[in-house]
Amino acid sequence: MTPENEDSILQEEIEIEEIPNSTYFLDKDRKQIVGTIDDLEAIKQAVFLILNIERMDYEIYSDDYGIELDELIGEPMQYVLSELKRRIKECLLYDDRISSVDDFKFEVAGASVHATFSVYTIFGEFEGEVDIDV
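We now turn to the structure provided with this report. (Residues numbered from 1 in each chain as written. Predicted model: local features only at pLDDT ≥ 70, side-chain atom pairs only at ≥ 80, totals over all residues. Heavy atoms only, no water.)

Some points on the side chain of His114
Residue placement: His114 occurs in strand β4 (residues 112-121). Side-chain polar atoms of His114 contact the side chain of Glu129, separated by 3.1 Å. Here Asp131 takes part through its side chain, which lies 2.4 Å from a polar atom of the side chain of His114. (Helix = DSSP H or I, 4+ residues; strand = E, 2+ residues; numbered from the N terminus. Polar contact = N/O pair within 3.5 Å; in protein donor to acceptor, adjacent residues only side chain to side chain.)

So this is what it looks like as structure tokens:
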């Protein structure tokens, strides 16, 4: 039984406003912040940051930001590879601009793994990669 009221906030139209996609550009070579980027380049940078920040290690980031890799150190490589695929997908799909992550390829050299994958976003697609020591 909901009370009838013409002035109810539930009857008002909600306007959805899209948040701008612009962010600061982190120049990894010069180790400086230089200007801004947006759209696909901003997502590429976000993917780089997410995959290089250990989840829950830094108070500046929310507990949902980053990837959990530390607990994979010392585990059997077959387990590491299956978990890497799941964890990469999970942490990247948290960003609502990313629609899917597929086509994983892993190169193993000793205790190091080089992962490449396709990232599909609202602005297009690109090849992502990350190097991980386990």
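Overview of the sheet that holds strand β5 (residues 124-133)
Strand order in the open sheet formed by three strands is β3-β4-β5, and the pairing between neighbours is antiparallel. Two strands in the sheet have a free side with no partner beyond their single neighbour: β3 (98-109) and β5. Sheet twist, expressed as the average angle between the axes of neighbouring strands with direction ignored, equals 20°. As paired elements, β4 and β5 share 10 bridges and run antiparallel to each other. Bridge assignment links Thr116 to a residue of β5, and that residue is Glu129. Helix-sheet contacts for helix α1 (residues 39-51) involve β3, β4 and β5, and the interaxial angle to β5 is about 20°. Here helix α2 (residues 77-93) sits on the sheet and contacts β3, β4 and β5; the angle it forms with β3, its principal contact strand, is near 155°. (Pairing = 2+ DSSP bridges. Axes fitted to C-alpha atoms, helices over the stretch in contact; angles between N-to-C directions. Contact = heavy atoms within 4.5 Å.)

Let's talk about the pairing of strand β2 (residues 32-37)
Relative to β2, strand β1 (residues 23-27) runs antiparallel, the two sharing four bridges. Paired with Asp27 across the bridge in β2 is Gln32. Where β1 folds back on β2, the antiparallel hairpin that results is connected by four residues, among which Lys31 adopts a positive phi of roughly 55°.

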